[in-house]
Amino acid sequence: MRLKHIILFILLMITGSANAEGQLSNGQRLEPDNFHFIQWFGRTILNKDYAELRYTMEGFSMVFSGSSLSMQCEESKDTYLGVIVDKGEMKKVRLDKADVVLAENLDKDRLHFIQVYKLTEFQTGSVRIMSFDIKEGGIGINADLINPNKIIFEFIGNSITCGYGNEGNYDAEHALTGFHPENENGYLAWGALATRNMEHSPLYSSVCYSGRGLIYNNDGSTKGLIPELYEEAITNGQKFNPDLIVVNAGTNDFLLLVRELFRSLWTNSLMHTASSF
């Protein structure tokens, strides 16, 4: 059994004279050409200009030394991140500005381990990351990056997998006021909870979107169905072969679909997913 509470770190300090590319006067700027030092979760889009988190629970982990870590990104006011530093309590961070502090007031003379997850789903916005600033320190390498035996579980689904409204306040004052992004927490959705309780600490990935179905969405439309979203995600996102794929979909289809047609197309969708790997 893998030891869950021991993390092996190899510190890689990028040295050299201060310059505009990759160096700060009192720390380090991490830009896309060095994003390979970060472990990315899920079908994250990675290119030469940015990393983009779109679906629920996409995110990253990083090892660094320094007193603080901030992230430069496109503002997305309805998007929330969950941030865990040194295996402490998660804090929620709203992306209501372009320079977001992820961790601060840290001991600059030791290594820190940070995990960041996108708590809200794609419909609330994406997280396009251009750079990270580390004060009084530099990036390290997480040993998991060089572990060839990482187990990956991938969950495909709708609002149930997104964690739609799972932190909502349902008292009389707030009842029937509709969906609010701050009430959605993918970290506490069923797939993420199940994965964290597995042995060997699998990595979690999801492609999920509230209201979407396999054949019909909950409003009767047929655009942006779950199979289409998944096809796009595996085409444009980070490439990997999951060890386990769990599909929890079809709830939205039953609003407008007869049972036999659903059963036939559901089977075809599963076969298509399996044939992708």
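To be clear, the structure that these remarks concern was listed above.
The rules we used
Note on numbering: residues in each chain are counted from 1, in written sequence order. With pLDDT at 70 or above as the cut-off, local features in this predicted model cover only qualifying residues; side-chain atom pairs require 80 or more to be listed or tallied, and sums for whole chains, interfaces and linings still use all residues. Note that the side-chain values use all heavy atoms of the structure and ignore hydrogens as well as water. The helix and strand labels rest on DSSP assignments: H or I over at least four residues marks a helix, E over at least two residues marks a strand, and numbering proceeds from the N terminus. Three exposure classes are used, based on accessible area relative to the maximum for each residue type with a 1.4 Å probe and protein chains only: buried under 20%, partly exposed in between, and exposed over 50%. By definition, residues are in contact when any of their heavy atoms lie within 4.5 Å. A 1.4 Å probe and the Shrake-Rupley method give the accessible areas. Residues count as covered only by the protein chains that appear here. The directions considered for the arc are those from the helix axis to the C-beta atoms. Classification of ring pairs rests on two measures: the distance between centres of Phe, Tyr or Trp rings, Trp counted by its six-membered ring, which must be within 6.5 Å, and the angle between planes, read as stacked under 30 degrees, edge-to-face over 60 and tilted in between. Think of it as a cone above the ring: NZ of Lys or CZ of Arg counts as a charge over the ring if it is within 6 Å of the ring centre and within 35 degrees of the ring normal. Only buried Ala, Val, Leu, Ile, Met, Phe, Trp, Tyr and Cys residues count toward a nonpolar core, and they belong to the same one when joined by side-chain atoms within 4.5 Å. The pairing criterion is simple: DSSP has to find at least two bridges between the two strands. Disulfides are defined in this document as cysteine sulfur pairs within 2.5 Å.

K.L.:
Just give me the short version of the overall build of the protein chain, but keep the residues and values in it.
P.N.:
Assigned secondary structure in the protein chain consists of 4 helices and 17 strands. Taken across its 277 residues, the protein chain has 48% of its residues classed as buried. Put simply, of all contacts in the protein chain between residues at least 6 apart along the chain, 74% involve residues at least 24 apart. Working note: accessible area of the protein chain is about 13,700 Å², and carbon and sulfur atoms make up 53% of it.

K.L.:
Mind laying out helix α3 (residues 226-236), listing which residues take part and the relevant values?
P.N.:
All of the buried residues in α3 are I226, L229, Y230, A233 and I234. Down the axis, α3 shows its buried residues gathered within 125° of arc, on one side only.

K.L.:
Describe the packing of aromatic side chains, listing the residues and the values that go with them.
P.N.:
Applying the stated criterion across every chain, the model contains 10 aromatic pairs. Relative to Y117, the ring of F41 lies with its centre 5.5 Å away and its plane at 20°, an arrangement referred to as stacked. One end of the pair, F41, is in strand β4 (residues 39-41); the other, Y117, is in strand β12 (residues 111-118), with 76 residues separating them in the sequence. Accessibility assignment for this pair places F41 and Y117 in one class, buried. Following the ring pairs from residue to residue traces out a cluster consisting of F35, W40, F60 and F132. When the ring centre of F240 is taken as origin, the NZ or CZ atom of R43, which lies over that ring, is 3.8 Å away. Its end group placed over the ring of Y80, K92 keeps NZ or CZ at 5.7 Å from the ring centre.

K.L.:
Describe the nonpolar core, listing the residues and the values that go with them.
P.N.:
Within the largest apolar cluster, 29 residues are counted, with the highest numbers of intra-cluster contacts made by F60, M71, L102 and F132. Counting residues per element, this core draws most heavily on strand β13 (residues 127-135), at 4 residues. Each residue touching L102, except ones within four places of it in the same chain, is listed here: F60, L69, S70, M71, V83, V85, K91, I114, V116 and F132. Counting 13 residues, the second-largest nonpolar core is a separate cluster that includes Y117, F155, L203 and Y204.

K.L.:
Describe the pairing of β13, listing the residues and the values that go with them.
P.N.:
As defined by bridge partners, strand β3 (residues 27-30) adjoins β13 across 4 bridges and the pair is classed as antiparallel. Bridge assignment links R29 to a residue of β13, and that residue is D133. Pairing between strand β6 (residues 51-53) and β13: 3 bridges, direction antiparallel. In the strand pairing of β13, E52 is matched with R128. Bridge count between strand β8 (residues 68-73) and β13: 6 bridges; the pairing is antiparallel. In the strand pairing of β13, L69 is matched with I134.

K.L.:
Quick rundown of the state of the cysteines? Include the residues and the values.
P.N.:
A complete count under the given rule lists 0 disulfides for this structure. The structure places no disulfide on C162, whose sulfur is separated from the nearest cysteine sulfur, that of C208, by 3.3 Å. Take C162: its relative accessible area is 0%, and that puts it in the buried class.

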